[in-house]
Amino acid sequence: EFELVLARSGETVRVGATETALAALRRIRPDAVYSCRQGFCGTCKTRVLAGEIDHRDRLLTPGERPDHLLTCVSRSTGGALTLDL
Ligand code: FES
């Protein structure tokens, strides 16, 4: 489990061990966009302002990886992730 923090509103949501960050995010942001939900399309790409990302996709470029997250597949390494939302 880990927490998502939405930087602009200060809202937080907990991502359970058996759900995706996208699913948790959509509880408080029902309009969060996605398509493939498998880490292929990039539609769910979200900028990360703080936290360590556990990347589980093969789509993001090395240049994107330090501060972008595909919420449909990737997670945190343990601590909170602060999103640019
Ligand atoms: Fe396609 Fe996340 S929804 S990469």
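Preceding this section is the structure that the text describes.
Residues numbered from 1 in each chain as written. Predicted model: local features only at pLDDT ≥ 70, side-chain atom pairs only at ≥ 80, totals over all residues. Heavy atoms only, no water.

### Looking at the overall build of the protein chain
Helix and strand content of the protein chain: one helix and seven strands. In the protein chain, the succession of α and β elements from N to C terminus is β-β-α-β-β-β-β-β. Computed over the C-alpha atoms, the radius of gyration of the protein chain is 11 Å, within 12% of the 12 Å expected from 2.2 N^0.38 for a compact globule of 85 residues. Taking the principal axes of its C-alpha atoms as reference, the protein chain extends roughly 30 × 25 × 25 Å. Burial analysis of the protein chain (85 residues in total) assigns 39% to the buried set. Considering only residue pairs separated by 6 or more positions, the protein chain has 44% of its internal contacts joining residues 24 or more positions apart. (Helix = DSSP H or I, 4+ residues; strand = E, 2+ residues; numbered from the N terminus. Rg over C-alpha atoms; globule rule 2.2 N^0.38 Å. Buried < 20%, exposed > 50% of the residue type's maximum accessible area, 1.4 Å probe, protein only. Contact = heavy atoms within 4.5 Å.)

### Let's talk about the pairing of strand 2 (residues 12-15)
Taking every second residue as pointing to the same face, the buried face of strand 2 carries Val 13 and Val 15, while none of Thr 12 and Arg 14 on the other face is buried. Alignment of strand 1 (residues 2-6) against strand 2, held across four bridges, turns out to be antiparallel. By the bridge assignment, Glu 3 is partnered in strand 2 with Arg 14. Counting the residues that bridge the hairpin from strand 1 to strand 2 gives five residues, and of these Gly 10 lies at a positive phi of roughly 80°. (Pairing = 2+ DSSP bridges.)

### Remarks on the environment of Asp 67
Within the fold, Asp 67 resides in the loop between strand 4 (53-54) and strand 5 (68-70). Placed 20 residues apart in sequence, Asp 67 and Arg 47 show a C-alpha to C-alpha distance of 5.8 Å. Filtering out sequence-adjacent residues up to four positions away, Asp 67 remains in contact with Thr 46, Arg 47 and Val 48.

### Notes on the pairing of strand 1
Where burial is concerned, most of strand 1 is hidden: four out of the five residues are buried. Inspection of the sheet shows strand 1 paired to strand 7 (residues 81-83) by three bridges, in the parallel sense. Within strand 7, the position partnered with Val 5 by the bridge is Thr 82.

### Let's talk about the nonpolar core
In this structure, Phe 2, Leu 4, Val 15, Val 48, Leu 69, Leu 81 and Leu 83 are the most contacted members of the largest nonpolar core, which totals 14 residues. Elements supplying a minimum of two residues to this core: strand 1, strand 2, helix 1 (21-28) and strand 7. Apart from residues lying up to four places away in sequence, Leu 81 is in contact with Phe 2, Glu 3, Leu 4, Val 5, Val 48, Ala 50, Gly 51, Glu 52, Ile 53, Leu 69, Arg 75 and Ser 76. Leu 60, Leu 70, Cys 72 and Val 73 belong to the second-largest nonpolar core, a separate cluster that totals six residues. (Core = buried A, V, L, I, M, F, W, Y, C linked by side-chain atoms within 4.5 Å.)

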